[in-house]
2 protein chains.
Amino acid sequence: LNSGMFVHVRNMLESMAASDIALLLHSSPPKARTVIWQLIDSNIQSEVIEELSDEVRNPILKNMSPEKVAEAAANLDDDDFADVLRGMPDAVFKKVLKSMDKQDQVRAKRVMSYEEETAGALMNTDTITVRPNVSVDVILRYLRLKESLPEATDYLYVVDKNDTFIGEVSLAALLTSTTSKLISEVMETDFEVIPATMHDSEVASLFERYNWISAPVIDENGILLGRITIDDVVDVIREDAEHSMMSMAGLDDEEDTFAPAIKSTRKRSVWLGVNLFTALLAAFVSSLFESTLDQLAVLAILNTIVPSMGGVAGSQTLTLVIRGMAVGHVTQANSRWLLGKELAIGFFNGLIWSVLIAGVVAIWKQDVMLGAVIAFAMMMNLIAAGVAGVLIPLMLKRMKIDPALAGSVILTTVTDIVGIFAFLGTATWLLI
Amino acid sequence: LNSGMFVHVRNMLESMAASDIALLLHSSPPKARTVIWQLIDSNIQSEVIEELSDEVRNPILKNMSPEKVAEAAANLDDDDFADVLRGMPDAVFKKVLKSMDKQDQVRAKRVMSYEEETAGALMNTDTITVRPNVSVDVILRYLRLKESLPEATDYLYVVDKNDTFIGEVSLAALLTSTTSKLISEVMETDFEVIPATMHDSEVASLFERYNWISAPVIDENGILLGRITIDDVVDVIREDAEHSMMSMAGLDDEEDTFAPAIKSTRKRSVWLGVNLFTALLAAFVSSLFESTLDQLAVLAILNTIVPSMGGVAGSQTLTLVIRGMAVGHVTQANSRWLLGKELAIGFFNGLIWSVLIAGVVAIWKQDVMLGAVIAFAMMMNLIAAGVAGVLIPLMLKRMKIDPALAGSVILTTVTDIVGIFAFLGTATWLLI
């Protein structure tokens, strides 16, 4: 992106779709993003903004004048509009609000009134509503006057004069019904609606379960507020799935791959600090057996094997339970069955790897008793890992702590301590 | 689910939607699944089958007669039909095929001709096609004769007399256009099409990028074969996102949370075996310093801290890079920038935690030199972790090995060995 290339890049950007430009911005380091942004045709900028994640979007908006931000934001869908406004510092937000026209100011206040991660924050108000007592023919003529429909419209919503949601009629039904029929005769009334306060993960699982393309959002009195479309839900599904993976590795799930190093260091150091604490705890447990280690240096060499195996086995169980809880398969009701299963797996895997490690150690170190000690510790720790892998996420969830975030560090602490105690403790008892 | 409850459960099941029954089956242990399945009304069974994952579905199908399987399968969408057929052992498949009628046999052969995880295996053939030279009015009358449209239909496809795809016309356009216009005047021709051989992850990222609800699938000659709908793509998106998380924990991403313990033990033991090998490798590296450990038991106690911190820091980088590669943000082109960034993070985090651990060890063990040794080892290992976290997934990808599956075990091996060498090696050099 250096000298002379600008014209070339600008031409390339002109031929690209907004979503492809967004991908390019996501794949570029911060400095390149600023340069690319300035080369983007201003007509397409608001479309590109819509496709950017918060982490990439906010630094770009920070460098624009409030008037330009207001102008770009005004063209956005309600839910993206809310996202953009939420990403701004208070002072900037006030300036941007001032430079908006009246109508957009009202809209900004409305979309900001729903908390993040609720159905209300995910919805758009671009619904087409019809009354039950008109004929299909009238609606067809009305649509022809409109000339275009909002994106992802598969249903028109039927409301009474107070905007109470009473049913929905699909475009397919409008196209296939006799035109003289009334809307009330062709509408579906066995609908499911989404309350504006529902958590967006729950919205996503409803969409997945019922294969919806769009769904109506209502307030606590049954008044239609707007609709949620599948394209926004797809983002929630991906984010939720990524959240578990990122959290389990101790990453902030909003971390931008190309964020500046200092910013990333700060975010990641928290987890490293927590891990250093647990590693010191494990070292402290080992230090209780210092005189044993002093007498038998071979124990020091083997001391990492049992905790390591416990950590891996426990992570397998933990990951499966966290995934199961996220998709709604694991609940309190079947947790006892699951505990029994994971206990059994811990026992079977304990059996396999105990025998193997006993053999390896007995041959390597020419000490059958040492082999027996490490085998016993392995068995204990794999069983403990299975139990901990089931119980830790269930307990965390009951305490309303995110199991994906805190689960793995607690689990490793348990498997480290059990592993060290079982190995060095048994060794102290039997070998010294 | 014991005695006397059957009637109650049957009544409950009757009032539930197919997708809710599927959720119940997924949340139940294998034995309960068999019981619940027998209580499900046979009219709704094929709808439920469609919603089940392979792991839950296959044991159920195994217990049904070939005739019943053929009957249930015949009602499925093409892509689910293919999934069901693929899940059957060859002998059963042949029996089922025999008990199908001619038309379904032809269909079975066609859907089976596309490899799993391609666009062809994901598509349905329930498209509505129209010719360009007819008027909107004619199409509207044609649709009214059909009385219903396939699910998730947002576009009709325009083809010539050889079924070559030449454009698409949205239901919205049909509803809002002047009825005297020709299809060729209202159709969109700047379409993107999906070749039948495209990988389903790529299909998913196109749907995400362009907010599609359905998209046409064509063969290598441009002939329209069918269409892919967003509900099937959502499953691909979730599976892809889960794949990374499950693989990184050493789990088969098809593992059913409620699979029998023996089956799960077998699947998980592979990873534990690999881990045991690397743990033994680390133990072997430690054993190179056995005489050092013999002289200074305190080293044995602290020997786990540096590898543990390296493992966590490396996993953070690895997870971020794997996610970035999956969504297409990380490529060869920006990998050098990324390596520089992760090197910097390793250095900064190394600085923070080196100073801290040096202080803790110096005070705890009353040995400033020991503190300096562990600080140096920590610095080395965190830098190595950052480099390994970027390079390992990139190299694996170039070798066409799944980075999510093999990445974490290779990374831990690197951080274990570097950590042990840096700590015990420096200690041997400076303290003995």
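A brief structural summary.

What counts as what
- Residues numbered from 1 in each chain as written.
- Chains lettered and ligands numbered in written order.
- Predicted model: local features only at pLDDT ≥ 70, side-chain atom pairs only at ≥ 80, totals over all residues.
- Heavy atoms only, no water.
- Helix = DSSP H or I, 4+ residues; strand = E, 2+ residues; numbered from the N terminus.
- Buried < 20%, exposed > 50% of the residue type's maximum accessible area, 1.4 Å probe, protein only.
- Contact = heavy atoms within 4.5 Å.
- Salt bridge = Lys/Arg side-chain N within 4 Å of Asp/Glu carboxyl O.
- Least-squares fit on C-alpha atoms with pLDDT ≥ 70 in both.

## A short note on the side chain of Gln316 of chain A
Okay, step 1: Position of Gln316 of chain A relative to the elements: it lies in helix H19 (residues 305-326).
Okay, step 2: Residue classification places Gln316 of chain A among the buried positions, given a relative accessible area of 1%.
Okay, step 3: The contacts of Gln316 of chain A, once residues within four sequence positions are left out, are Ala249, Gly250, Leu251, Arg268, Trp271 and Leu272 of chain B.

## A look at the pattern of salt bridges
Okay, step 1: In the structure shown here, the tally under the stated rule is 22 salt bridges over all chains.
Okay, step 2: The shortest N-O distance in the salt bridge between Arg227 of chain A and Asp126 of chain A comes to 3.1 Å. Of this pair, Arg227 of chain A sits in strand S6 (residues 224-229) while Asp126 of chain A sits in the loop between helix H10 (119-122) and strand S1 (129-130), and the two are 101 residues apart along the sequence.
Okay, step 3: Across the pair Arg238 of chain A and Glu242 of chain A runs a salt bridge whose closest N-O atoms are separated by 3.9 Å. On the criterion of helical spacing, the pair formed by Arg238 of chain A and Glu242 of chain A is a turn pair, its members being 4 residues apart in helix H15 (residues 230-248). Of the two residues, Arg238 of chain A and Glu242 of chain A, both sit in the buried class.
Okay, step 4: Several salt bridges converge on common partners, so that one network encompasses Glu208 and Arg323 of chain A together with Arg238 and Glu242 of chain B.

## A few points about the relation of the copies chain A and chain B
Okay, step 1: With an RMSD of 0.0 Å, the operation that places chain A on chain B is a rotation of 180 degrees combined with a shift of 0.0 Å along the axis. Within this description, the copies of the chain are treated as partners about a two-fold rotation axis.
Okay, step 2: Interface residue correspondence from chain A to chain B reaches 100%, placing this contact among same-surface, isologous pairings.

## Comments concerning unusual backbone geometry
Comment: phi is negative for the bulk of residues other than glycine, and the bulk of peptide bonds are trans.
All names here are of chain A.
Okay, step 1: With a phi close to 75 degrees, Glu147 is a non-glycine residue in the positive phi region.
Okay, step 2: The topology assignment puts Glu147 in the loop between helix H11 (136-146) and strand S2 (155-159).
Okay, step 3: The class for Glu147 is exposed, based on a relative accessible area of 63%.
Okay, step 4: Phi angles above zero are rare outside glycine, and Gln366 is one such case at about 50 degrees.
Okay, step 5: Among the structural elements, Gln366 can be located in the loop between helix H20 (332-364) and helix H21 (368-398).
Okay, step 6: Given the relative accessible area of 69%, Gln366 is considered exposed.

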